[in-house]
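Each chain, written out:
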Amino acid sequence: MSHTIALHGGETDDILKSLHKQFTINDQTLFKITTTFLSEISDGLSNYGRAMAMIPTFVKGVPDGSETGTFLALDLGGTNLRVCEVTLQGDKNFSLRQQKYKVSETLKTGEVTTLFDYLADSVDAFLTESSPSADPSSLNGGDSYMPSGEVDTPYLPLAMTFSFPVEQTALDSGVLLTWTKGFAAKNAIGKDVVKLLQDAFDRKHIHVKCVALVNDTVGALLSRAYTSGGCILGAIFGTGTNGAYVEEVSKITKLGDSRAAAAGGEMIVNTEWGAFNNSRSALPTTPYDNKLDRESINPRFQAFEKFISGMYLGEIARNVILSLIDAAPKPILFGGRSSALLNKQWGLDTALLSEIEEAWEGLGRFSSPGQVTAEEKLQRIQGVLAQQLELSPHDISLADADIVRQVCTLIGSRAARLSATAVAAILVHTGRARLWDGGEQSSAGLKDEGKRIGVGVDGSLVEFYPHFQTKLRASLRTLVGPEVESRVDIGMAKDGSGVGAALCALVAQRQQVNRTNGVYAHDHPEEPTSPLRTEVAYLSSLS
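What counts as what
Residue positions within a chain follow its written sequence, with the count starting from 1. This being a predicted model, a pLDDT of at least 70 is required before a residue's local features are given, and a value of 80 or more before pairs of side-chain atoms are given or counted; all residues contribute to the totals for chains, interfaces and linings. Heavy atoms throughout the structure, all of them, feed into the side-chain values; hydrogens and water do not. Each helix corresponds to a stretch of at least 4 residues labelled H or I by DSSP, and each strand to a stretch of at least 2 residues labelled E; elements are numbered beginning at the N terminus. Burial classes follow relative accessibility: with a 1.4 Å probe on protein chains only, a residue under 20% of its type's maximum area counts as buried, one over 50% as exposed, and anything between as partly exposed. Residue contacts are counted whenever heavy atoms from the two residues lie within 4.5 Å of one another. Where accessible areas are quoted, they stem from the Shrake-Rupley method and a 1.4 Å probe; at the residue level, only the protein chains shown are allowed to cover. Two strands qualify as a pair provided that DSSP identifies no fewer than 2 bridges between them. Only the stretch in contact is used when fitting a helix axis, every axis being a line fitted to C-alpha atoms; angles between N-to-C directions are given from 0 to 180 degrees. Every residue carries a pLDDT, the predictor's confidence in it, which falls somewhere between 0 and 100. Working definition: the arc comes from the directions between the helix axis and the C-beta atoms, pointing outward to the latter. Roughly parallel means an angle under 35 degrees; roughly antiparallel, over 145; roughly perpendicular, 65 to 115; everything else is oblique. Note: crossing handedness is left-handed where the near helix turns anticlockwise from the far helix by less than a right angle, and right-handed where it turns clockwise. Gly counts as polar in this scheme, as do all residues outside two lists: the nonpolar Ala, Val, Leu, Ile, Met, Phe, Trp, Tyr, Cys and Pro, and the charged Asp, Glu, Lys and Arg. Counted as positive: Lys and Arg. Counted as negative: Asp and Glu. His and the chain ends are not counted at all. The working definition used for a salt bridge is a side-chain nitrogen of Lys or Arg within 4 Å of a carboxyl oxygen of Asp or Glu.

Undergrad: Please set out the overall build of the protein residue by residue, giving values where relevant.
TA: The number of helices and strands found in the protein is 18 helices and 13 strands. Per-residue burial over the protein gives 58% buried out of 543 residues. Relative to all contacts within the protein whose residues are 6 or more apart in sequence, the contacts with residues 24 or more apart total 71%. With an accessible surface of roughly 21,300 Å², the protein has 51% of that area assigned to carbon and sulfur atoms.

This is how it looks when you write it as structure tokens:
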């Protein structure tokens, strides 16, 4: 318990102890969750239709930072559509220029053809407005696809980064499994998203060909690999969560006797780990998690994501705070007073939790050179709560501020510790770590023995939430031991949705070269092959 517990007593102290017990994950539980993770990884690699889908991406190359070229990316991340031109400089660096376009709620929830028409129009607008640096006739970044009757007009190659769950069947083909992140466009589930985009280009006579489909988590992996010289895992810890890693094709047994399986080698797998343990047999749920899940738009789905991602942490905190306001026979918080914001579902943003932790730790705008007492820190939190929760300052005591601080710390810490189980499971599954029993540790016999293990991360939680990565690392050390953890190089994946899209286009080029030379690329033997000729390619990323 916090040293500020002197502010409380009696029944309040008992309730706080109960909250600590419910939200604190001990080491034994961490190991149980990681073991369950390993089981669901193996199950998803062996069978289609699992919640944790373990989707083969057909991306069979990882960059090393030497690649060059200029590419166009289209990034759909929510309310804005971002179109950017990415220039890979070949020295692990890149530059980009961009333009944003607004995406309305009508587009998110209307007919899917209307949404994809808008994507196509945005690509066309950017190309028209920006005066791209190369004439289409000089392109060599991919197939020069010639439409019937227009043999003098090559199509520009494009790769699409798509951050929604799809069952991918080839590098340039994937069926949408479900919408997430507030999107619900009609008549999209079960459709090939590459074909939807290609049909939009063709309807509008826009000379662009989609050559690759890549998830935004795959983009994070590729981006980090480019800027750091190597990466085996890309992970998103932000509004949502997911991971993609480099897998041995021989372990993806659900590929059966396909040409992909016969070719062997390695392939990036999109785990869709947000849906890990939907049964909640291992995840330590609380009544506050159950309430959130029951009232969500997808009850009993995306269980792991609901425990650790930014979209949900604020709602968990709101549920706890309301239970303390409504406590009987005597309220625990704010004298029993609430606000319209607190009473509204999703009314409390995870950014508030982050700000409260910053106020307590003296970070960000709360940093100061001198010593700050606990009382002064709690006064800061009082101010944050009054402003953000729309409560009267007179209704927020120092004890209230301390209780809310503890609630926020418990929820954030639990998210960080659970996130570590996903990273640990991938390290163990790929043979780069063993679950640690606390004894002497040796890396003998492990893959990449003694070498750096690259992990690319992206998302607001891992980038901005106070001490999130530090707590994740501490739990990772518990799970795989200090020797392995010390070699795990966790770094931000710079603009994974844009740069990752560009790098996926490079993968598409290389695999097209292999196909041209009679080497396996993916299961599209009927597609025409053509020699590659360029420095500039145009691609799109939908994330």
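Undergrad: Pulling in residues and values, what's your account of the sheet that holds strand β2 (residues 68-76)?
TA: Strand order in this open sheet of three strands is β2-β3-β4, and the pairing throughout is antiparallel. Either end of the sheet is taken by a strand with one partner, and the two such strands are β2 and β4 (94-102). For this sheet, the mean inter-axis angle between neighbouring strands, taken without regard to orientation, is 15°. Pairing geometry for β2 and strand β3 (residues 80-89), over nine bridges, is antiparallel. Paired with phenylalanine 71 across the strands is valine 86, a residue of β3. Against the sheet, helix α4 (residues 112-130) touches β2, β3 and β4, its axis set at about 125° to β4.

Undergrad: Kindly report on the sheet that holds strand β9 (residues 233-237), identifying the contributing residues and their values.
TA: Sheet architecture is open: six strands sit in the order β1-β11-β10-β9-β12-β13, paired in mixed fashion. Every interior strand has two partners, whereas the edge strands, β1 (55-56) and β13 (488-492), have only one. Strand direction decides the pairing type here: strand β10 (residues 241-248) and strand β11 (residues 266-270), joined by five bridges, are antiparallel. Bridging across to β11, glutamate 247 finds its partner in methionine 267. Together, β9, β10, β11, β12 (453-458) and β13 form the strand contacts of helix α6 (residues 216-228), whose direction differs from that of β10 by roughly 60°.

Undergrad: Which residues make up the confidence of the model for the protein, and what are the values?
TA: Within the protein, residue pLDDT values average 86, and 87% of them lie at 70 or more. Predicted confidence for residues 1-6 stays below pLDDT 50, and this span has 19 contacts to residues more than four positions away or in other chains. Throughout residues 519-543 the model reports pLDDT below 50, and contacts reaching past four residues in sequence, or to other chains, amount to 118 contacts.

Undergrad: Could you give an account of unusual backbone geometry, naming the residues involved and the relevant values?
TA: A cis amide bond, omega 5°, links alanine 328 with the succeeding residue proline 329. A positive phi angle, near 60°, is found at asparagine 187, a position not held by glycine. Inspection of the secondary structure assignment puts asparagine 187 in the loop between β7 (173-176) and α5 (193-203).

Undergrad: Outline helix α8 (residues 287-295), listing residues and values.
TA: Every buried residue belonging to α8 is among Tyr288, Asp289, Leu292 and Asp293, and all of these are buried. Considered in projection along α8, the buried side chains sweep an arc of 135° and stay on one side of the axis. What points out from α8, more than 90 degrees from its buried face, is the exposed set Pro287 and Arg294.

Undergrad: Could you give an account of the packing of α8 against helix α10 (residues 310-325), with specific residues and numbers?
TA: Contact geometry of α8 with α10 gives a least axis separation of 9 Å together with a crossing angle of 120°. Between α8 and α10, the angle falls in the class oblique. Seen along the crossing, α8 lies across α10 with a hand that is right-handed. Between α8 and α10, the residues in contact are Tyr288, Asp289, Lys291 and Leu292 and Tyr312, Glu315, Ile316, Arg318, Asn319, Val320 and Ser323, respectively. Along the lines of polarity and charge, the residues of the contact of α8 with α10 split into five nonpolar, two polar and four charged.

Undergrad: So, the side chain of glutamate 357: which residues are in play, and what are the values?
TA: Relative to the elements of secondary structure, glutamate 357 occurs in helix α12 (residues 350-361). As a buried residue without a salt bridge, glutamate 357 has its nearest oppositely charged side chain in lysine 471, at a separation of 4.4 Å. In contact with glutamate 357, other than residues within four places in its own chain, are Cys408, Thr409, Tyr465, Pro466 and Lys471.

Undergrad: How would you summarise the pattern of salt bridges if you had to cite specific residues and measurements?
TA: One pass over the full model with this rule turns up 27 salt bridges. Where aspartate 495 meets arginine 82, a salt bridge forms, and the shortest distance between an N and an O atom there is 2.8 Å. Placement of aspartate 495 in the loop between β13 and α18 (496-516) and of arginine 82 in strand β3 is noted, with a sequence separation of 413 residues between them. Accessibility expressed as a relative area gives 11% for arginine 82, which makes it buried. One salt-bridge network, in which partners are shared between bridges, spans Arg280, Asp293, Arg300 and Lys306.

Undergrad: Report on the pairing of strand β5 (residues 156-161), specifying residues and quantitative values.
TA: Along β5, six of the six residues are buried, which leaves the element largely enclosed by surrounding structure. Residues Leu156, Leu158 and Met160 point to one face of β5 and Pro157, Ala159 and Thr161 to the other, with burial holding for every one of them. Bridge analysis of β5 against strand β8 (residues 208-214) gives six bridges, and the strand direction is parallel. Paired with alanine 159 across the two strands is alanine 212, which belongs to β8.

Undergrad: Describe α5, naming the residues involved and giving the relevant values.
TA: Restricting attention to buried positions, one finds in α5 the residues Val193, Val194, Leu196, Leu197, Gln198, Ala200 and Phe201. As for α5, its buried residues are in contact with α4, β5, β6 (166-170), β7 and β8.

Undergrad: A description of the environment of glycine 65 should follow, citing residues and the corresponding values.
TA: Residue placement: glycine 65 occurs in the loop between β1 and β2. Residue classification places glycine 65 among the buried positions, given a relative accessible area of 3%. Along the sequence, glycine 65 and serine 228 sit 163 residues apart, while their C-alpha atoms lie 7.1 Å from each other.

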